[in-house]
Amino acid sequence: MPTGRFCAGWKGETVLKWKAKIEILLKQQVLDPQGGAVEKALKTMGYPSVTGVRVGKYIELVLSAEGRGQAAARVEEMSEKLLSNPVIEDYRYELVEVGE
Amino acid sequence: MPTGRFCAGWKGETVLKWKAKIEILLKQQVLDPQGGAVEKALKTMGYPSVTGVRVGKYIELVLSAEGRGQAAARVEEMSEKLLSNPVIEDYRYELVEVGE
Amino acid sequence: MKAGVIVFPGSNCDLDAYHLVRDILGQEADYIWHGETSPGEYDLLILPGGFSYGDYLRSGAIARFSPVMEAVASFAAAGGMVLGICNGFQILTEAGLLPGALYRNRHLQFRCRQTYIRVENNRLPFTGLARKEQVLKIPVAHGDGCYYVPEDELAGLEERGQVVFRYTDSGGSPTKKANPNGSVSNIAGVCNEQGNVLGLMPHPERAGEDLLGSSDGLVIFKSILDYLGAGEVSRRG
Amino acid sequence: MVDKPWIELGLTDGEYSLIVGQLGREPNLVELNMYSVMWSEHCSYKHSRAELRKFPTEGPRVLQGPGENAGVVDIGEGWACAFKIESHNHPSAVEPYQGAATGVGGILRDIFTMGARPVAFLNSLRFGELSDPRVRYLFDRVVAGIGGYGNCVGIPTVAGEVYFEPCYRGNPLVNAMCVGVMRSENLVLGKASGEGNLVFLAGARTGKDGIHGVTFASEELNAASEEKRPSVQVGDPFMGKLLMEATLELIEKGLAAGVQDLGGAGLTCALTETAARAGTGIEVDLDQVPLREEGMLAHEILVSESQERMLYIIEPRHREEVEKIFIRWGLPYANLGRVTTDGMVRALFRGEKVVNLPAASVAGGAPECEPGLAEPAYYGELKKFKLPELPGETNYNRALQKLLGDSTVASKEAVWRRYDYSVRTSTLQGPGGDAAVIRIRENGKALALTVDGNGRHSYLDPYIGGIYAVAEATRNLSCTGAEPVGITDCLNFGNPEKAEISWQFQQTVEGMSEACRVLGVPVVGGNVSFYNEVEGEAIYPTPVVGAVGLLAEPENMTRSAFKSAGDHVLLLGSKLVSLGGSQYLKCCHNVVAGALTRPDLELEKRLQELLRSLINERLVHSAHDLSEGGLAVALAECCIGGELGCVLTLPAGSGRADNLFGEGPSRVIVSVHYELVGRVVRLAGKAKVPVMDLGEVGGEKLKIMSEGEYLVDIKIADLDRIYREVIACAMK
Ligand SMILES: Nc1ncnc2c1ncn2[C@@H]1O[C@H](COP(=O)(O)OP(=O)(O)O)[C@@H](O)[C@H]1O
Ligand SMILES: [Mg+2]
């Protein structure tokens, strides 16, 4: 009977935990009303040089995957299917290994 | 009459443009209902291993400052005064120089 | 009494508060534009409900930097009565004039419904005419009404009588079902330490006539009138 | 350059030569883009214009009929009501939150454009079945979007409807209605009148969003629709609110000679329509348009559908005052140009003349299509369906529970509690009754509002379905005591180039027109949404009627719930019902077929008049229209709402399922104090409206017996739970 360890590693990879940090912003050409409002507020608060303010979402999560490739594939899938709406949003992410 | 160049450099530093990338999350001890909802949705969508989902804000902006120190001070001020609410939120940020 | 109803860009219950003060209570009322720095003399300042600045970023976060807010702060510091309703409550917490914070309803949805709130402190200018633990039927309509205050501060608030209203069922029990947004300890409204600044999520101005479903909200406004009549009248702006 | 650039832009060869004919030359590319959006189905109504002329549009109260941004009716004492309904189906199918939100924003602008202060929103929604996760996602996001916009601008959403049918799975319907109130003399039209008047644009900056959105709305959805996604716009309700306040201030102060919102086809539509309506011309400089993105091209500026923008025609002497108002409300604005007299719309871009077109040709020159008409094959087939073929149903308790738990019948509270329906402190009756009622503080009266339409009925018989929609909407108003004063309609259909769809459309309009004529209510505005198809499968033909009624004495308003034990329950109106096309057949037998009950519009009229007079003489305690689920469901709703049971007896005879669940128009349940029953019966007799005393209100159960046997015997608390939980659970 295979042990847990053997099971996890049978493809030659160990299941690891990954932390994904995902940033989601509205696409460049899409109106960002929040960004506009915040920019105006910052300017009147005494930061006249501030420009290009954009307000989006930041999502952190931990997942298990056999290696970075699999983790990346899953995060992309989740981002496209649920976390962002590809119609109006773009996302980018970063993966950090956080142990077994 | 001072020239523009002299003006900008008179304190010994040139005014540069910086891009700040600010992440805002609810403090650990504040319940994050959005994170909980997203985690539940991800689990039922076929990612049972996902844990620790947290949903916050991501804000990008460009500002002018003489050097990194000044840029950082301004971003911290903006974050504490407007961008985050210190009663419930923490923030962290990153600064990238984007030219003059 | 003369009340000033502050109008922020995006306020939308300004009209309702104004109507209540003028037409139901028969008192004076003015609108005060958010850009005003010295609004004049009032007995009561009302920060009405709505979506100031679209509630973009966080509810109340941008409005609290409106020019008029400095005047509101000094009016409050001098003992003037300030009432923040819904978005007005959010603005007051953002401005630090009231403790705690209001954020996303726990169920993540906007909620418009009738609620019952229990008067926890009836020794305030805002609640003097209410019976102790009187239950008021007053509706809510908000998306960001979940009240939060760090645990170690909650006891202090309770002790000092700063928790003014609590969501309960119609019988006065603070049940989970009665809580429309997941607020800590079913808190619906709080005041500052001095008791002259009050914020609450429910809309007493929508409960001013029986034909709208309830007139229980009048208790709050009549208490204010009563207090102003009996006690000292502050007329600073 | 492409061979035939017009083809890419959605114009046919025939239309192109017509354009060349009207112009006397070939249009340049910028001009061609303008024609393309204005001659799209969405803007030109080329497949519907001829039919729509059949609607009766006049009446003593009508101040503004179809053709403007909204219809306007007189509501007395110098006050008027503006209202309009509009679809946002395709945008909602690809981005449900923003699609629905911008739909609400768009209809809001239509109302305040006329000078009316918006006072209420309504919405009519259609989705696939709730068991489908995609449908639940669309449903949740559409509701969130409607609330997101409406709540933010501070206008209560007071009524609506939601149906679930498989045919709407890939093509949901999102129809939004807005109602406003104004002084009659403040009525402002979308006309560019007065030579030399200035043309101002204010509101959001113009970006590349929604370019060719109207073309998107004028095509079927298919796999390639994904590619059209940049057409979806993001709404900015905060800007919408500022724009509303600024516009109303401007109109109240008499500073606007004309106002037009920018909706489908953006600036192109606003410029050409205002000029065409006034018979004038306009000259603009596109370089003045405040842009959100650098480097936008002339045609992009002209067809962009960026939201929250308005066009104003201003006399030069008001210029300063107008600018002050824009500045006070923090709105970007610009003077684009001025009004001319020669009927031409001209535009400069980077110093060059890029547009020189006759307004009338762009805005009104599109050809009318003369569609072939063909009765669809299913029509005759489904009518032949015979009821005895059904397996016998004897457990009516179970059938009733099933119906109340059917998502289409069940309470929509889980929807409306996400809408602010009490802001403005004027909602006398919010969602949950037959019609919403809001008071008009200014003249002491109240408006009753409803939207109604049943696509399944129209599918089985579009002519009768059209009649039903108008009859039901007006009946719902009458149930509160209000007199119907006008309707607006949204006609949601498949591809009109198909003869069967055209036939459905024509039949529907004829049915609706007939009902309007007999009931004496004018159609003062509306909207047509064609091409509601996915991969060639059309939705049910779905006419949605938005109706407005006037309640002279708001104190007399009735609600649908039972009020006091001991009252008698009377069924007023038609004795004819049919299970054909009923919710019962669909829900309990999974059958969509059968013949609908023939409507009797004269009876409908007498019934509604009787109802209103009974209510205004305070003779009834409640009134509730019978619709989906028939008598049994309506009774259950009266009981649930009033937290009261009732004990009733039905006459012996006709089939029991028919009696309980059969559907048909012209039927209303009223509850009456027992001492007044005789009087009510006499008045009904005088009005030639059939009436039946069914029994009494009281107890904790709904009990219906016939021939000495209980057909239904069930606790109200149990019905209540089923009724309320279905949608709430699905939307968790
Ligand atoms: N999407 C919605 N938004 C607001 N109210 C709704 C919505 N859907 C249904 N309602 C409300 O629920 C009640 C019942 O709707 P419906 O079953 O269509 O009534 P009826 O059969 O009388 O036309 C009505 O008061 C209606 O306004
Ligand atoms: Mg209906």
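About the criteria used
- Residues numbered from 1 in each chain as written.
- Chains lettered and ligands numbered in written order.
- Predicted model: local features only at pLDDT ≥ 70, side-chain atom pairs only at ≥ 80, totals over all residues.
- Heavy atoms only, no water.
- Helix = DSSP H or I, 4+ residues; strand = E, 2+ residues; numbered from the N terminus.
- Rg over C-alpha atoms; globule rule 2.2 N^0.38 Å.
- Buried < 20%, exposed > 50% of the residue type's maximum accessible area, 1.4 Å probe, protein only.
- Contact = heavy atoms within 4.5 Å.
- Areas by Shrake-Rupley, 256 points an atom, 1.4 Å probe, with all protein chains shown as cover.
- Salt bridge = Lys/Arg side-chain N within 4 Å of Asp/Glu carboxyl O.
- Nonpolar A, V, L, I, M, F, W, Y, C, P; charged D, E, K, R; others polar.
- Phe/Tyr/Trp six-rings, centres within 6.5 Å; stacked < 30°, edge-to-face > 60°.
- Near = heavy atom within 4 Å.
- Polar contact = N/O pair within 3.5 Å; in protein donor to acceptor, adjacent residues only side chain to side chain.
- Least-squares fit on C-alpha atoms with pLDDT ≥ 70 in both.
- Pairing = 2+ DSSP bridges.
- Axes fitted to C-alpha atoms, helices over the stretch in contact; angles between N-to-C directions.
- Buried area = accessible area lost by both parts, 1.4 Å probe.
- pLDDT = per-residue confidence, 0-100.
- Parallel < 35°, antiparallel > 145°, perpendicular 65-115°, else oblique.
- Left-handed = near helix turned anticlockwise from the far one by under 90°.
- Core = buried A, V, L, I, M, F, W, Y, C linked by side-chain atoms within 4.5 Å.
- 1 Å grid on protein atoms, 1.4 Å probe; cavity = no way out; pocket = protein on both sides within 12 Å on 5 of 7 lines; lining within 4 Å.
- Points joined across faces, edges and corners; volume = space filled by probe spheres on them.

Across its full length, chain C holds five helices and eleven strands. On C-alpha atoms alone, chain C measures out to a radius of gyration of 16 Å, which is about the 18 Å that the 2.2 N^0.38 rule sets for 237 residues. In terms of overall dimensions, chain C has a C-alpha envelope of 45 × 40 × 35 Å along the principal axes. Looking at chain C as a whole, 66% of its 237 residues qualify as buried. Pairs at least 24 residues apart make up 76% of the contacts formed inside chain C by residues separated by at least 6 positions. With an accessible surface of roughly 8,100 Å², chain C has 45% of that area assigned to carbon and sulfur atoms.

Let us look at the interface of chain A and chain C. Opposite the six residues of chain A that make contact, chain C presents four residues. Across the contact surface, chain A and chain C share zero salt bridges. Here the residues of the side of chain A that touches chain C sort into five nonpolar, one polar and no charged.

With that settled, consider the packing of aromatic side chains. To describe a pair of aromatic rings, one takes the distance between the centres and the angle between the planes. Residues and elements named next belong to chain D. Tallied over the full model, the rule gives 25 aromatic pairs over all chains. Between the aromatic rings of Tyr 378 and Tyr 459, the centroid separation amounts to 4.1 Å while the plane-to-plane angle is 10 degrees, which identifies the pairing as stacked. Placement of the pair is Tyr 378 in helix H15 (residues 377–383) and Tyr 459 in helix H18 (residues 455–460), with a sequence separation of 81 residues. The burial state of Tyr 378 is the same as that of Tyr 459; both residues are buried. Taking 6.5 Å as the distance between ring centres and 65 degrees as the angle between the ring planes, the aromatic pair formed by Phe 493 and Phe 530 counts as edge-to-face. Taken together, the residues span a long stretch of sequence, with Phe 493 in the loop between strand S17 (483–492) and helix H20 (499–519) and Phe 530 in the loop between strand S18 (523–529) and strand S19 (533–534) at a distance of 37 residues.

This brings us to the pattern of salt bridges. Per the counting criterion, the structure on display carries 62 salt bridges over all chains. Salt bridges here are not isolated pairs; linked through shared partners, they connect Lys 19 and Glu 60 of chain A together with Glu 23 and Arg 92 of chain B.

All right, on to the site of ligand 1 then. Residues and elements named next belong to chain D. The environment of ligand 1 is made up of 18 residues, and the closest members are Asn 123, Gly 432, Gly 433, Asp 452 and Ser 627. Gly 160 is positioned with one of its backbone polar atoms (N or O) 3.0 Å from an oxygen atom of ligand 1. A distance of 3.4 Å separates an oxygen atom of ligand 1 from a polar atom in the side chain of Asn 476. Considering ligand 1 on its own, with 550 Å² of exposed area, one finds that the protein chains cover 91% of that surface. Those elements that provide at least two residues to the shell around ligand 1 are strand S5 (157–164), helix H17 (413–416) and helix H19 (462–478). It is S5 that provides the largest number of residues to the shell around ligand 1, a total of four residues.

Tracing the backbone shows Gly 80 of chain C in the loop between helix H2 (68–77) and strand S4 (81–85). Sequence spacing of Gly 80 of chain C and Asn 196 of chain C is 116 residues, and the spatial spacing of their C-alpha atoms is 6.4 Å.

When chain B is fitted to chain A, the best match, at an RMSD of 0.2 Å, comes from turning it 180 degrees and sliding it 0.0 Å along the axis. Given the turn and translation reported, the copies of this chain are related as if by a two-fold rotation axis. When you check the interface residues of chain B against chain A, 100% turn up at the interface there too, and the contact is symmetric in its surfaces.

Next up on the list: the sheet that holds strand S6 (residues 111–119) of chain C. Residue and element names in this part refer to chain C. If you walk across this open sheet you meet the nine strands as S2-S1-S3-S4-S11-S10-S9-S6-S7, and the pairing is mixed. Looking at which strands have only one partner, the edges of the open sheet turn out to be strand S2 (28–33) and strand S7 (135–142). Adjacent strand axes in the sheet meet at a mean angle of 25 degrees when their direction is disregarded. Where S6 and strand S9 (residues 163–168) come together, four bridges link them in antiparallel fashion. Looking across to S9, one finds that Ile 117 is bridged to Tyr 167.

The six strands are arranged S3(A)-S1(A)-S2(A)-S2(B)-S1(B)-S3(B) in an open sheet whose pairing can be described as antiparallel. Of all the strands in the sheet, the pair left with one neighbour each is strand S3 (89–99) of chain A together with strand S3 (89–99) of chain B. Ignoring strand direction, the axes of neighbouring strands in this sheet form an average angle of 25 degrees. Direction of pairing for strand S1 (residues 15–26) of chain B relative to strand S2 (residues 51–66) of chain B: antiparallel, over a ladder of ten bridges. Along S2 of chain B, the bridge assignment pairs Lys 19 of chain B with Val 62 of chain B. Running over the sheet, helix H3 (residues 67–83) of chain A touches strand S1 (15–26), strand S2 (51–66) and S3 of chain A and is turned about 130 degrees from S2 of chain A. This element, helix H3 (residues 67–83) of chain B, spans S1, S2 and S3 of chain B of the sheet and lies at about 130 degrees to S2 of chain B.

Relative to the elements of secondary structure, Thr 508 of chain D occurs in helix H20. Looking at Thr 508 of chain D, its side chain comes within polar contact range of the main-chain oxygen of Gln 504 of chain D, at 2.6 Å.

The next subject is the interface of chain B and chain A. Taken together, the 31 residues of chain B in the interface contact 31 residues of chain A. Across the chain B to chain A interface the summed buried area is about 2,700 Å²; carbon plus sulfur atoms make up 60%. Per-residue buried area on chain B facing chain A is highest for Tyr 47, Tyr 58 and Glu 60 of chain B; these three make up 23% of the total on that side. Two residues, Glu 60 of chain A and Arg 92 of chain B, come together in a salt bridge whose shortest N-O distance is 2.6 Å. Here chain B and chain A share 16 residue pairs in polar contact (both at pLDDT 80 or more) between them. Secondary structure elements with two or more residues in the side of chain B that touches chain A: S1, helix H2 (33–44), S2 and H3 of chain B. Considering each element in turn, the side of chain B that touches chain A owes the most residues, 14 residues, to S2 of chain B. Counted by class, the side of chain B that touches chain A contains 17 nonpolar, five polar and nine charged residues. Bridge analysis of S2 of chain A against S2 of chain B gives nine bridges, and the strand direction is antiparallel.

Across the five pairs of chains that are in contact, the largest number of contacts falls between chains A and B. With respect to C-alpha atoms, chain B approaches chain D no nearer than 10 Å, and the pair has no contact.

For the rest of this paragraph, the subject is the pairing of strand S10 (residues 187–191) of chain C. All names here are of chain C. Counting buried positions over the five residues of S10 gives five, a clear majority of the element. Pairing analysis gives three bridges linking S9 to S10, with the strands arranged antiparallel. Each bridged residue has a counterpart across the sheet, and for Val 163 the counterpart in S10 is Val 190. Linking S10 to strand S11 (residues 197–200), which pair antiparallel, is a turn of five residues; within it Gly 195 sits at a positive phi near 80 degrees.

Model confidence for chain D is summarised by a mean pLDDT of 94, while 96% of its residues fall at 70 or above. Two numbers describe this predicted complex: its pTM, 0.94, and its ipTM, 0.93.

Another point: the packing of helix H10 (residues 237–252) of chain D against helix H13 (residues 319–328) of chain D. Residues and elements named next belong to chain D. Look at H10 against H13: their axes get within 9 Å of each other, and the N-to-C directions meet at 155 degrees. By the angle between their directions, the pair H10 and H13 is classed as roughly antiparallel. Handedness of the crossing formed by H10 with H13: right-handed. In this structure, H10 uses Ala 246, Glu 249 and Leu 250 to contact H13, whose residues at the interface are Val 322, Ile 325, Phe 326 and Arg 328. For the contact of H10 with H13, a count of residues per class yields five nonpolar, no polar and two charged.

As a further point, take the nonpolar core. Formed by 166 residues in total, the largest nonpolar core has its most connected members in Leu 42 of chain A, Leu 61, Leu 82 and Leu 83 of chain B, Phe 165 of chain C together with Phe 139 and Tyr 312 of chain D. Excluding its chain neighbours within four sequence positions, the residues that come into contact with Leu 83 of chain B are Val 38 and Leu 42 of chain A, Ile 22, Ile 24, Ile 59, Leu 61, Met 78 and Glu 89 of chain B together with Leu 57 and Arg 58 of chain C. Leu 460, Leu 660, Leu 702 and Val 712 of chain D belong to the second-largest nonpolar core, a separate cluster that totals 57 residues.

With that settled, the discussion passes to empty space enclosed by the protein. Residue and element names in this part refer to chain D. By the definition in use, this model includes three cavities of 30 Å³ or more. Taken as a whole, the largest cavity encloses approximately 130 Å³ of empty space. If you go around the largest cavity, you meet 14 residues; those closest to its centre are His 457, Tyr 468, Glu 472, Ser 627 and Pro 665. In terms of residues, the lining of the largest cavity owes the most to one element, H19, which gives five residues. Looking at the lining of the largest cavity, its residues break down into four nonpolar, six polar and four charged.

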